[in-house]
Amino acid sequence: MTIFVKIQIVMELTPSKINTFLFFKLPSAFICGVRVKQLETNKGVVTVKLRWINQNPFNSMYFAVQAMAAELSTGALVMYQIKKSNRKISMLVANNKSTFTKKATGTITFTCFDGDKIATAIKNTIATGEGQTFWMKSIGVDETGIQVSEMDFEWSIKIKNV
């Protein structure tokens, strides 16, 4: 009698893998210098440095580049939690809000600590089969630790129909 055991290997999602993904699937973010630096269950950190390619006419970082980096700090967490769930789940930004408080110069670090919100939403969408929405916040600070922007993203997730 032969027994077959299905073993599913879940490869961990790392900053390096996400940065490679950026190169192939989101080249504008990659070219602008957006990079994932840290990814944990409840924390995503993304940096972007002011360069000629991502500046505005006022010698600071263009707002859309800040938005790309901030969104990635939340989206990488969503991707991480979806991968961890071992389920086919779609994700989409449904809404966003931004506040800019200081000129963004130098290296800006965007940090999101909302991984717990994703885990809850994934559990609910798996349990009910219904889509879930939730807001995640990313704070951008400059090299001196002063906040330059705050961005909120409303994510929508749902189980994919296979």
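Residues numbered from 1 in each chain as written. Predicted model: local features only at pLDDT ≥ 70, side-chain atom pairs only at ≥ 80, totals over all residues. Heavy atoms only, no water.

Participant: It is not clear to me how the overall build of the protein should be interpreted in this structure. Could you clarify?
Facilitator: Counting its regular elements, the protein contains four helices and six strands. Overall size of the protein, expressed as C-alpha extent along the three principal axes, is 70 × 30 × 25 Å. For the protein, the residues scored as buried account for 37% of the 162 residues in total. A separation of at least 24 residues holds for 67% of the contacts in the protein among residues at least 6 apart in sequence. Here the protein carries 20 positive and 11 negative side-chain charges, and the mean point of each set is 8 Å from the other. (Helix = DSSP H or I, 4+ residues; strand = E, 2+ residues; numbered from the N terminus. Buried < 20%, exposed > 50% of the residue type's maximum accessible area, 1.4 Å probe, protein only. Contact = heavy atoms within 4.5 Å. Lys, Arg positive; Asp, Glu negative; His and termini not counted. Charge placed at Lys NZ, Arg CZ, Asp CG, Glu CD.)

Participant: Before we go on, may I ask you to explain the pattern of salt bridges in this structure?
Facilitator: Close approach of charged atoms lets side chains of opposite charge pair. In this structure the tally under the stated criterion is four salt bridges. Across the salt bridge formed by lysine 102 and aspartate 142, the nearest N and O atoms sit 3.4 Å from each other. Residue lysine 102 is located in the loop between strand S3 (89–100) and strand S4 (107–112), and its partner aspartate 142 is located in the loop between strand S5 (132–141) and strand S6 (147–159); the two are separated by 40 residues in the primary sequence. Look at lysine 102 and you get partly exposed, because its relative accessible area is 37%. (Salt bridge = Lys/Arg side-chain N within 4 Å of Asp/Glu carboxyl O.)

Participant: Before we go on, may I ask you to explain the environment of asparagine 161 in this structure?
Facilitator: By the secondary structure assignment, asparagine 161 is in the segment after S6. The spatial distance from the C-alpha of asparagine 161 to the C-alpha of glycine 115 is 24 Å, given a sequence separation of 46 residues.

Participant: I keep staring at helix H3 (residues 63–85) and nothing clicks. Help me out?
Facilitator: Structural remark: α-helix, 3.6 residues per turn; residues separated by three or four positions point the same way. For H3, built from 23 residues, the straight-helix expectation of 33 Å at 1.5 Å per residue is met to within 8% by its first-to-last C-alpha distance of 33 Å. Within H3, the axis deviates most sharply at serine 73, by approximately 25°. Following H3 by one or two positions, asparagine 86 adopts a phi angle in the positive range, close to 65°. (Expected span 1.5 Å × (residues − 1). Bend = angle between axes of the 7 residues up to and from the residue.)

Participant: Just checking my understanding: could you explain the confidence of the model for the protein for this structure?
Facilitator: Predicted coordinates in regions of low pLDDT should not be interpreted in detail. Of all residues in the protein, 93% have pLDDT values of 70 or greater, and the mean over the chain is 93. Contacts of residues 4–10 to residues separated by more than four positions or lying in other chains number three contacts, the stretch itself having pLDDT below 50. (pLDDT = per-residue confidence, 0-100.)

Participant: Explain the nonpolar core to me, please; I cannot follow it from the model alone.
Facilitator: As a rule of thumb, soluble globular proteins bury nonpolar side chains together. One finds Val48, Leu72, Val78, Phe134 and Met136 to be the most contacted residues of the largest nonpolar core, which totals 36 residues. Taken together, the elements giving at least two residues each to this core come down to helix H1 (15–25), strand S1 (35–39), strand S2 (44–49), H3, S4, helix H4 (115–128), S5 and S6. Top element by residues in this core is H3. It accounts for 10 residues. The contacts of valine 48, once residues within four sequence positions are left out, are Cys32, Gly33, Val34, Asn54, Met61, Val65, Ala69, Gly106, Thr107, Ile108 and Phe110. (Core = buried A, V, L, I, M, F, W, Y, C linked by side-chain atoms within 4.5 Å.)

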